[in-house]
Amino acid sequence: MCGIFGYIGEDDPLQTCLLGLEQLEYRGYDSTGIAGLVDGQIAICKEVGKLSQLKAKLTLQRLTIAIGHTRWATHGKVTPVNAHPHQDVQEAIALVHNGIIENYEELKEELHTQGVRFQTETDTEVLTNLIAKCYTGDLVQAVQKALLRVRGHFAFALVHKHHPQEIIAAARECPLSIGVNDAHTESIISSDPNAFLGKTLNVLFLRSGEIAKVEKGKVSVFDSQLRSLAKKTERLDAGTAAPSKEGFEHFMLKEIYEQPSTVQKAYLGRLEEGEVQFESLSEEFRTPSQICFIACGTSAHAGAIGALLVEDFAAIPSHYEIASEARYRILPQNTLIVAISQSGETADTLAAVREMKARGYKVLGICNVKNSTLTRETDACIFLKAGPEVSVCSTKAFTSQITVLYLFAQFLSGKRVSEDLKNVPAQIEKVLECAPRIQQIAKKYSRFNNFFFLGRRYMFPTCMEAALKLKEISYVNANGYAAGELKHGPIALLDPHFPVIAFCANHQTEEKIVSNVQEVKARSAPILALAPESLKGIAKIVDDVIWLPNTSDALAPFASTVAGQLFAYFVAKERGCDIDQPRNLAKSVTVE
Ligand code: AGP
């Protein structure tokens, strides 16, 4: 998953590109780079690390056109030479790419026999040289010819020294948006239209197989047969303010503290006088015979909670599938697919959605980003309204997802519903007030390198989510398990250096989780329990307790999750980790 950006217009192409890359850094920050044209020659500057490292060494002046890139490494180590943009051997083309060229090795072999000598380990350099080989004067034609040989999914943009007034872009299953201003004096390309900061543009979205010739204030789009296409545009005002930390040390902490308000925004206007309604959902979605939630990572954990909620509130058989596995499963034809994705750009989820659509399933999206690819490929979409989530580690999006799923389960019940969801913001506030105590406990546990997180029923996906938080920002081997499963093998790992975090806020399974905690204690593992105030007795068994407000089993994931988020945050802080941009990760995983 990488970010690509391009600019041709009246503003300074270099500065505009840098601003755009700042908004795209969430898509990967292993390396960054910019290329453009200066006096008819390609000029490139690229560096490993974050955008700040590139800025520190920038020497590009007077660019008349520019393309930029933020990289999350797929092929080739994180080195300066593997950073994008990449050039062909004649240095006529510079290209930035998001995606994977699946048959790059055979193409590389073929080009090598034709005398091409490669400098890098990347698939992108192969693509660049393939296009150069196909070039006989018409750049769009060269791209079209090259793409007939390419397998994989991609979005790329390139400049050519003999075509100083145009950027060529193409996409196949990866996002690429192109905006033009009303005055037709500038054109901007981006992996994410929300990077068009400070601009009001007419935006088009390249569909798979399309090629665009982008000139100053003008875009021509062609299909894979080079037939000209008339593309619909959407008016987009991307706003001016880049997200700020608002005084918090990290975006993650800011977004944790936003949750009382973002949960409220997720149910506002949708839960009135015992009635649930969604602005984008027609009655046809009210009576599925069964539901399969598909998603990745944190969103998959939300889907797992969604399945329990739908079964509890509407008695509709439901389950969740990891998106990268879902596409290989057989589901009854009348299954409603619910695809959950904060970014709306996760390649695994999009691939599963496309597969399910091709098989005729109806697909409902739950997403946080308007104009994202998922919102254009589902039959309907419910938005989280959580605002931009900047930290790679998802927090407010998760609690907004389970808010929407709680409402969706009530919507499916078709009955008048209780409004106890409206107690959640106050419950989260109570947990946030315990932050100093949670930090104290986190410091004590920050020296351990292995954890089990345990839970039953609603606490099972909740503990999975909490384990993922700790894993991804503190690089600790933390794994969530169904508490009942521990004794079937994993318990062999327990010893005084292997703590267990027990998520106990599930009344229906309280006795069983207490037994599991006893089994853990018998192996002398340190135990931290996250428990409702009603489970006072747990304090006699475990080493530490984070007390949570009493609530129903279905609402318990909220407070438990926020406590888990804070625990992970403070452990990572204690361990001196890069909390908002953890190593090897990116906010939106746009490769499979
Ligand atoms: C969450 O903290 C992770 N960054 C990751 O698991 C994420 O949830 C996953 O990649 C799915 O992203 P999406 O919701 O944007 O599809």
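Calculation rules
- Counting starts from 1 at the beginning of each chain's written sequence and moves along it residue by residue.
- Totals for whole chains, interfaces and linings use every residue, but because this is a predicted model, local features are given only for residues with pLDDT of at least 70 and side-chain atom pairs only at 80 or more, for both listing and counting.
- Working from all heavy atoms in the structure, the side-chain values ignore hydrogens and water.
- Helix numbers and strand numbers start at the N terminus; a helix is a DSSP run of H or I with at least 4 residues, a strand a run of E with at least 2.
- All radius of gyration figures rest on C-alpha atoms, and the globule criterion is 2.2 Å times the number of residues raised to 0.38.
- Think of it in three bands: residues with accessible area under 20% of the maximum for their type are buried, residues over 50% are exposed, and the middle band is partly exposed, with areas taken using a 1.4 Å probe on protein chains only.
- Contacts: residue pairs with any heavy atoms within 4.5 Å of one another.
- The pairing criterion is simple: DSSP has to find at least two bridges between the two strands.
- Working convention: axes come from line fits to C-alpha atoms, limited for helices to the stretch in contact. Angles between N-to-C directions cover 0 to 180 degrees.
- As used in this record, nonpolar core signifies buried Ala, Val, Leu, Ile, Met, Phe, Trp, Tyr and Cys residues forming a set joined through side-chain atoms within 4.5 Å.
- Only one rule defines a salt bridge in this text: a Lys or Arg side-chain nitrogen within 4 Å of an Asp or Glu carboxyl oxygen.
- When we say a residue is near a molecule or strand, we mean one of its heavy atoms is within 4 Å of it.
- Nitrogen and oxygen atoms within 3.5 Å of one another constitute a polar contact, given that in protein one can donate a hydrogen and the other can accept it, and given that sequence-neighbouring residues count only through two side-chain atoms.
- Note that accessible areas follow from Shrake-Rupley with a 1.4 Å probe, and for residues the cover is restricted to the protein chains shown.
- Within 6.5 Å between ring centres, the rings of Phe, Tyr and Trp (the latter by its six-membered ring) count as paired, and their orientation is classed by plane angle as stacked under 30 degrees, edge-to-face over 60, tilted in between.
- For classification, angles of less than 35 degrees are called roughly parallel, those exceeding 145 degrees roughly antiparallel, those between 65 and 115 degrees roughly perpendicular, and all remaining angles oblique.
- By the definition used in this description, the sense in which the near helix is turned from the far one sets the handedness, with an anticlockwise turn below a right angle giving left-handed and a clockwise turn giving right-handed.
- Side-chain classes follow a simple rule in which Ala, Val, Leu, Ile, Met, Phe, Trp, Tyr, Cys and Pro form the nonpolar group, Asp, Glu, Lys and Arg form the charged group, and the remainder, Gly included, forms the polar group.

**Regarding the overall build of the protein**
Move 1: Of the regular secondary structure elements, the protein holds 17 helices and 27 strands.
Move 2: Relative to the globule expectation of 25 Å for 592 residues, the C-alpha radius of gyration of the protein, 25 Å, shows essentially globular dimensions.
Move 3: Overall, the protein is about 80 × 50 × 45 Å in size when its C-alpha atoms are taken along their principal axes.
Move 4: With 592 residues in all, the protein has 62% of them scored as buried.
Move 5: Here the contacts in the protein between residues at least 6 apart in sequence split such that 72% fall between residues at least 24 apart.

**What about the sheet that holds strand β3 (residues 41–48)?**
Move 1: Judged by pairing direction, the sheet is antiparallel, and its eight strands sit side by side in the order β3-β2-β4-β1-β10-β9-β11-β15 without closing on themselves. Since the sheet does not close on itself, it has two edges, and those belong to β3 and β15 (234–237), each with one partner. Strand-to-strand twist in this sheet, taken as the mean axis angle between neighbours without regard to direction, amounts to 20°.
Move 2: Pairing of strand β9 (residues 177–180) with strand β10 (residues 186–190) involves four bridges; the strand directions are antiparallel. Within β10, the position partnered with isoleucine 178 by the bridge is isoleucine 189.

**Here we look at the nonpolar core**
Move 1: Within the largest apolar cluster, 90 residues are counted, with the highest numbers of intra-cluster contacts made by Phe408, Phe451, Phe453, Leu566 and Phe567.
Move 2: No other element matches helix α17 (residues 556–574), which puts 12 residues into this core.
Move 3: With residues up to four places along the chain from it excluded, the contact list for phenylalanine 451 reads Tyr445, Leu470, Val476, Asn477, Ala478, Asn479, Phe498, Pro499, Ile501 and Phe567.
Move 4: Residues Ile131, Cys134, Phe154 and Ile211 belong to the second largest nonpolar core, which totals 28 residues.

**Here's the deal with the pattern of salt bridges**
Move 1: Scanning the model with the defined rule gives 34 salt bridges in all.
Move 2: Residues lysine 231 and glutamate 210 are paired through a salt bridge, measuring 2.7 Å at the closest nitrogen-oxygen approach. Residue lysine 231 is found in the loop between β14 (228–229) and β15, and its partner glutamate 210 is found in the loop between β11 (200–205) and β12 (211–215); the two are separated by 21 residues along the sequence.
Move 3: Put simply, arginine 327 and glutamate 592 hold a salt bridge, and the shortest N to O gap is 2.6 Å. Of this pair, arginine 327 sits in the loop between α9 (323–326) and β20 (335–341) while glutamate 592 sits in the segment after α17, and the two are 265 residues apart along the sequence.
Move 4: Within this structure, Asp11, Glu186 and Lys199 form a network of salt bridges that share partners.

**Focus on the site of the ligand**
Move 1: Around the ligand lies a shell of 15 residues, among which Ser299, Ser341, Ser343, Thr346 and Glu472 are the nearest.
Move 2: The backbone of serine 394 places a nitrogen or oxygen atom 2.9 Å from an oxygen atom of the ligand.
Move 3: Considered on its own, the ligand offers 410 Å² of accessible surface; in the complex 91% of this is hidden by protein.
Move 4: Those elements that place two or more of their residues in the shell around the ligand are α8 (297–314) and α15 (459–474).

**A closer look at the environment of arginine 447**
Move 1: Looking at where arginine 447 falls in the secondary structure, it is placed in the loop between α14 (435–445) and β23 (450–455).
Move 2: With 41 residues separating them in the primary sequence, arginine 447 and tyrosine 406 have C-alpha atoms 37 Å apart.

**Examining unusual backbone geometry**
Move 1: The linkage connecting histidine 84 with the following residue, proline 85, adopts the cis geometry, with an omega of 5°.
Move 2: Positionally, proline 85 belongs in the loop between β4 (66–71) and β5 (86–87).
Move 3: A positive phi angle, close to 60°, is found at tyrosine 475, a residue other than glycine.
Move 4: Relative to the elements of secondary structure, tyrosine 475 occurs in the loop between α15 and β24 (477–482).
Move 5: The exposure class of tyrosine 475 is partly exposed, given its relative accessible area of 27%.

**Topic: the sheet that holds β5**
Move 1: Ordered by their spatial adjacency, seven strands build an open sheet running β5-β6-β7-β8-β12-β13-β14, and the pairing between neighbours is antiparallel. At either margin of the open sheet sits one strand with a lone partner, and together these are β5 and β14.

**Focus on the environment of valine 476**
Move 1: Here valine 476 lies in the loop between α15 and β24.
Move 2: Between the alpha carbons of valine 476 and leucine 229 there is a distance of 50 Å; along the sequence they are 247 residues apart.

**Some words on the packing of aromatic side chains**
Move 1: Evaluated as defined, the whole model comprises 14 aromatic pairs.
Move 2: Measuring from centroid to centroid gives 6.3 Å for phenylalanine 451 and phenylalanine 567, while their planes differ by 80°, and the two rings are edge-to-face. One end of the pair, phenylalanine 451, is in strand β23; the other, phenylalanine 567, is in helix α17, and 116 residues separate them in sequence.
Move 3: For phenylalanine 451, a relative accessible area of 0% corresponds to the buried category.
Move 4: Look at phenylalanine 567 and you get buried, because its relative accessible area is 3%.

**Section: the packing of helix α13 (residues 424–433) against α17**
Move 1: Packing of α13 against α17 leaves a shortest axis separation of 9 Å and a crossing angle of 30°. Relative to α17, α13 is oriented roughly parallel. As α13 runs across α17, the sense of the crossing is right-handed. Contacts from Val424, Ile428, Val431 and Leu432 in α13 reach Phe558, Ala559, Val562, Ala563 and Leu566 in α17.

**A look at the packing of α13 against α14**
Helix-helix packing is described using two parameters, namely the angle between the two axes and the distance between the axes.
Move 1: Where α13 contacts α14, the axes come no closer than 5 Å and their chain directions differ by 55°. Taken together, the axis directions place α13 and α14 in an arrangement best described as oblique. From α13, Val431, Leu432 and Glu433 reach across to α14, where they touch Ala435, Pro436 and Ile438.
Move 2: Split by residue class, the contact of α13 with α14 holds five nonpolar, no polar and one charged.

**Side note on the pairing of strand β1 (residues 3–9)**
Move 1: With seven of its seven residues buried, β1 lies for the most part within the structure.
Move 2: On β1, burial covers both faces: Gly3, Phe5, Tyr7 and Gly9 on one face and Ile4, Gly6 and Ile8 on the other are all buried.
Move 3: As defined by bridge partners, β1 adjoins β4 across five bridges and the pair is classed as antiparallel. Following the sheet pairing, glycine 3 is matched in β4 by threonine 70.
Move 4: Alignment of β1 against β10, held across five bridges, turns out to be antiparallel. Note that in β10 the partner of tyrosine 7 across the bridge is isoleucine 188.

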